[in-house]
2 protein chains.
Amino acid sequence: MKLKIKFSEWSAGRPISILSEADSKKIGAHVNDRIVIQSKTGSIISTLDISSKLVKKGQIVVSKEVIKYLALKNGEKVNIEIAKDPRVTEFLTKKLQCKELSKNEIYKIIAAISNNSLTEIEIAFFISAIYQCGMTFNEIVYLTESMFETGNKLNLKNKIIVDKHSIGGVAGNRTTPLIVAICAAQNLVFPKTSSRAITSASGTADTIEAVCKVDFNKKELEKIIRKTNACLAWGGNLGFAPADDKIIKVEKIIQIDPEPNLLASIMAKKLAAGSNHVLIDIPYGDFAKVSYKGAIHLKKQFEKIAKRFKIKIRCVLTPGNQPIGNGVGPVLELHDIFSVLQGNGPYDLREKAIFLAGEIFELTGKSKKGQGKKLAQETLDSGKALEKFKEIILAQSGNLENLSKKLAHAKFHYSYLAKKSGSIKKIDNKKINMVARLAGSPRDTKAGLFIHHHVGNKIKKGEKILTIYSSSKRRLQDAKIFYNEHKIFFI
Amino acid sequence: MKLKIKFSEWSAGRPISILSEADSKKIGAHVNDRIVIQSKTGSIISTLDISSKLVKKGQIVVSKEVIKYLALKNGEKVNIEIAKDPRVTEFLTKKLQCKELSKNEIYKIIAAISNNSLTEIEIAFFISAIYQCGMTFNEIVYLTESMFETGNKLNLKNKIIVDKHSIGGVAGNRTTPLIVAICAAQNLVFPKTSSRAITSASGTADTIEAVCKVDFNKKELEKIIRKTNACLAWGGNLGFAPADDKIIKVEKIIQIDPEPNLLASIMAKKLAAGSNHVLIDIPYGDFAKVSYKGAIHLKKQFEKIAKRFKIKIRCVLTPGNQPIGNGVGPVLELHDIFSVLQGNGPYDLREKAIFLAGEIFELTGKSKKGQGKKLAQETLDSGKALEKFKEIILAQSGNLENLSKKLAHAKFHYSYLAKKSGSIKKIDNKKINMVARLAGSPRDTKAGLFIHHHVGNKIKKGEKILTIYSSSKRRLQDAKIFYNEHKIFFI
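Residues numbered from 1 in each chain as written. Chains lettered and ligands numbered in written order. Predicted model: local features only at pLDDT ≥ 70, side-chain atom pairs only at ≥ 80, totals over all residues. Heavy atoms only, no water.

*Asks:* Mind showing me how you'd approach helix α13 (residues 330-341) of chain B here?
*Replies:* Each α-helix turn comprises 3.6 residues. Residues three or four places apart therefore point the same way. In this model, α13 of chain B (12 residues) spans 17 Å end to end at C-alpha, consistent with the 16 Å of a helix rising 1.5 Å per residue. Burial within α13 of chain B is extensive, with 11 of its 12 residues counted as buried. (Helix = DSSP H or I, 4+ residues; strand = E, 2+ residues; numbered from the N terminus. Expected span 1.5 Å × (residues − 1). Buried < 20%, exposed > 50% of the residue type's maximum accessible area, 1.4 Å probe, protein only.)

Put into structure tokens, the structure is as follows:
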């Protein structure tokens, strides 16, 4: 059936169409059925809503997600039909029963996720099956391959292409922009694409977005990289491993990130970017995502899978037992980043960035063994990294002139004072993240936390230990309730 | 913030609101956030969409689900705010890790599901956690209690109130309307509410809906029961165990139905209806939901939980190794029901209905031990059951005059012929259900199957064995592809 697109500036967070009662009946479709929209540029599967008021017979209203994906024009004619059943339900059930999936079964599931044939509910079942049953090495390889092969690839000709990835879980820890700036200043090609936060308060893409665009298509990104050696982009709309982006969106809701997904997600994205030298930062410890033992296990898994895909990899284990930097949340982290690039602290953040950039210099042969840190430090202190960072921001349509306004604090805030004197023994990273998320981070870019003291610091009763920021009074309240009910600082 | 309701006849299948860009910003809400809509009659939590074209500043468009729940009027003013985080994510994660949940944790999850604070994605995680980890007896009791206590209750004064339930999984098997008619004709009070199909091609509510209304509120239902002794209603909008209805909706998507949910769902509904004498039909065997061993286990679980809630229960194990009746799908099953009520076959369906009604007569003391079947058969053969069935249909706003049109066959159909002569050894029930679902059953009421032969029948090459019906050409095609790829009849 041919229908006319009617623009409605409608954001629904996913591909949805509204058809009139009459047209729905004509094709025998019901509310929540999946229908294929076919345009000149391609096709997408969307969920069906029905209304006779929002749309007339012969018209179709689609959410922004559909318009963007198909590059639709107002009034354009598209073809509509009921989507073929993806017939992967039996494979999902099989995995829920902890049985090993074949290559073909995994490819079918991932293809169905890619082309939007599966609802987020089905994706949730797939994720929890993996969470509980795990995956064999072969399954992880097929998951990686199928995610990579159903997506776009970056087309860079360079012999050495680097990348780094932190498995996350540590609040603050915004080393990536610093490392990218340091490495790119030394002429390493660094096509850094990041996901948004999964279980943390902010992902690199969330943080960078507070100061410039992060959402580019493949061509735009290639241009930025050719110009600056690097980028700090969001991977979500690039179509690298599109299934992974959809999986991450669902993982965020319940805040789980099963190991096979984590491995496949990272490797598929690196393969799509064409990276051949990759550094993986695995923070471990009390409140990190993994224990020391878990970190060792993960390191081995990464090495095994990288070997399979012919990627030169180095995994470093770093202590993840407390937040790194003072700010947690996009804008608050940007404060830290600019401060370090200007040669100041927070010193834990500075040290970690220098260490990791040094590792990349050694991995790529840019520095001799033992000399990487020195080169990284020089690049930072000479101001070259700051210049490179600004260059990237500008190339990504940023404007550094309104910076102080962009980095202004949120409307509402609340500070907690130390109830007794003493030294800080532990800080619960996971709960720090939770407080920042409840305050609205990362979607509210100004929401988050300022951590006044770190582990080992001595504080006096009445001194500020934590400030919570939020643009919503209600969310500040939610964050405070959570903070009051949980122990986060151990003095 | 106060906003004006703007009616848009919009069905989205769940509670959704559309706010203007300006109003969303004002309360600091983003796409897919959960917002509370408060009216004079109560409040509901809905998911947020944003559009500046579909709605103006100061207005709010809500889906039909919201309008119905709050009984809203066009132009009515409602209050809007961001929903408080339900803070049950940690309990969901706990269950995903197979840890036992406390009474308080289960109550909080169920309350959040009831009041719509959880998305279907979170419900999916909860279901799969239960599917994989199971639940302790205490957890099942709390699940039942919390589902029951967060919902409405039927207010019947009768001393004996009966009910029956089949755990399902057998295609066709539409005994319920027959049993209700037989028992009610003998003056037993039988407030039968059914869910819609979960994993089968059609639930009792789906089938009955093809011929009359099944969607009533509590007061209307009480009136119908007082008039006819019984009802054949859909439980979904009665608000009996509303959390269960939402869980079932998600279970349907992946077609799983974990045992703890099955037990809690059935018991919570019976408690809400006030039933104190309950018959459970547990079909078992090769292609049924459970094996013989599984059926015995389930019987014990039902007896244990019924005892806890002081319900007199009888569980009967029936062979579920093949479809019962000839029709599978709402309209096709109604053909069978009317035929049996008129004293004809399908004889497997007739026999099973007589047996189960007889059990209820004995359980309630209506008949002496061993005499139940006789009374059931007499009630059927005398035409009293048919009269009672018609009475119920009429009380449920049905109209028996257009019956032949309502029960007409679907537009598209395709028949399979036997490829060889022989006797039918097995029929795969589960796959029969799958074929019928792919054809569009139960939402397409005329979609489904006609099974020409049963296990034990001798057939000749070229004879019809199965006809698939569908109102959609595409869906008929989907069903045929599945049929061709799977073995369903074993000759």
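From this point on, the discussion continues.
*Asks:* I'm lost on the nonpolar core in this one. Help?
*Replies:* If you look at soluble globular proteins, the nonpolar side chains tend to sit buried side by side. Ranked by size, the top nonpolar core spans 136 residues in total, and within it Phe126 and Phe302 of chain A together with Phe126 and Phe302 of chain B carry the most contacts. Those residues in contact with Phe302 of chain B that sit more than four places away from it in its chain are Ile167, Leu262, Leu263, Ile266, Met267, Ile280, Ile282, Ile313 and Cys315 of chain B. (Core = buried A, V, L, I, M, F, W, Y, C linked by side-chain atoms within 4.5 Å. Contact = heavy atoms within 4.5 Å.)

*Asks:* Explanation requested: unusual backbone geometry in the structure shown.
*Replies:* Glycine aside, residues mostly have negative phi, and peptide bonds are mostly found in the trans state. Residue and element names in this part refer to chain A. The omega angle of the peptide bond from Gly345 to Pro346 is 5 degrees, so this bond is cis rather than trans. Of note, Pro346 is situated in the loop between α13 (330-341) and α14 (347-363). Backbone geometry places Asn187, a non-glycine residue, at a positive phi of 70 degrees. Taking the relative accessible area as the measure of exposure, Asn187 reaches 57% and is therefore exposed.

*Asks:* Would you mind going over the packing of aromatic side chains with me for this structure?
*Replies:* The way to describe two aromatic rings as a pair is by their centre distance and the angle between their planes. Going through the model one piece at a time under the given rule, you end up with eight aromatic pairs over all chains. Taking 5.2 Å as the distance between ring centres and 70 degrees as the angle between the ring planes, the aromatic pair formed by Tyr284 of chain B and Tyr292 of chain B counts as edge-to-face. Residues Tyr414 of chain B and Tyr416 of chain B carry aromatic rings whose centres are separated by 4.9 Å and whose planes lie at 70 degrees to one another, so their mutual orientation is edge-to-face. Under the relative-accessibility criterion, Tyr414 of chain B is labelled partly exposed at 33%. Of note, Lys304 of chain A hangs over the ring of Phe137 of chain A, and the distance from its end group to the ring centre comes to 4.3 Å. One Lys or Arg, Lys480 of chain A, reaches over the ring of Tyr414 of chain A and ends 3.9 Å from the middle of that ring. (Phe/Tyr/Trp six-rings, centres within 6.5 Å; stacked < 30°, edge-to-face > 60°. Lys NZ or Arg CZ within 6 Å of the ring centre and 35° of its normal.)

*Asks:* Looking at this structure, I do not really get the pattern of salt bridges. What am I missing?
*Replies:* Side-chain pairs of opposite charge can arise where the charged atoms are in close proximity. Across all of its chains, the model carries 50 salt bridges over all chains by this definition. For Lys192 of chain A, the salt bridge is made with Asp163 of chain A, and the minimal N-O distance between the two is 3.7 Å. With Lys192 of chain A in strand β9 (residues 190-194) and Asp163 of chain A in strand β8 (residues 162-166), this pair connects stretches of sequence that are 29 residues apart. Judged by relative accessible area, Lys192 of chain A falls into the buried class, the value being 3%. Looking at Asp163 of chain A, the relative accessible area reads 2%, which means it is buried. We note a salt bridge from Asp215 of chain B to Lys68 of chain B, for which the minimum N-O separation is 3.1 Å. Taken together, the residues Asp215 of chain B in the loop between α8 (204-209) and α9 (218-228) and Lys68 of chain B in helix α2 (residues 64-70) connect sequence positions 147 residues apart. (Salt bridge = Lys/Arg side-chain N within 4 Å of Asp/Glu carboxyl O.)

*Asks:* What's the story with the relation of the copies chain B and chain A in this structure? I'm lost.
*Replies:* In this arrangement, two copies of a chain are superimposed by a rotation about an axis accompanied by a shift along the axis. Expressed as a screw transformation, the operator carrying chain B onto chain A has a rotation angle of 180 degrees and an axial translation of 0.0 Å, and the superposed copies differ by an RMSD of 0.1 Å. Here the symmetry operator amounts to a two-fold rotation axis. When C-alpha distances to the rotation axis are compared across chain B, the minimum falls at Ile121 of chain B, with a value of 2.5 Å. Interface overlap between copies: 100% of the residues of chain B at the interface are likewise at the interface in chain A, consistent with a symmetric, same-surface contact. (Least-squares fit on C-alpha atoms with pLDDT ≥ 70 in both.)

*Asks:* Would you take a moment to explain the sheet that holds strand β11 (residues 277-284) of chain B for this structure?
*Replies:* Working definition: the strands of a sheet are paired by backbone hydrogen bonds and lie parallel or antiparallel to each other. Residue and element names in this part refer to chain B. Ordered in space as β8-β11-β12, the three strands form an open sheet in which the pairing is parallel. Two strands close off the open sheet at either side, each with one partner strand: β8 (162-166) and β12 (312-319). The sheet shows a mean angle of 15 degrees between the axes of neighbouring strands, direction not considered. As defined by bridge partners, β11 adjoins β12 across eight bridges and the pair is classed as parallel. For Tyr284, the partnering residue across the bridge sits in β12 and is Pro319. Those strands touched by helix α12 (residues 292-308) are β11 and β12, and its axis lies near 170 degrees from that of β12. (Pairing = 2+ DSSP bridges. Axes fitted to C-alpha atoms, helices over the stretch in contact; angles between N-to-C directions.)

Shape descriptors only; they carry no functional weight alone.
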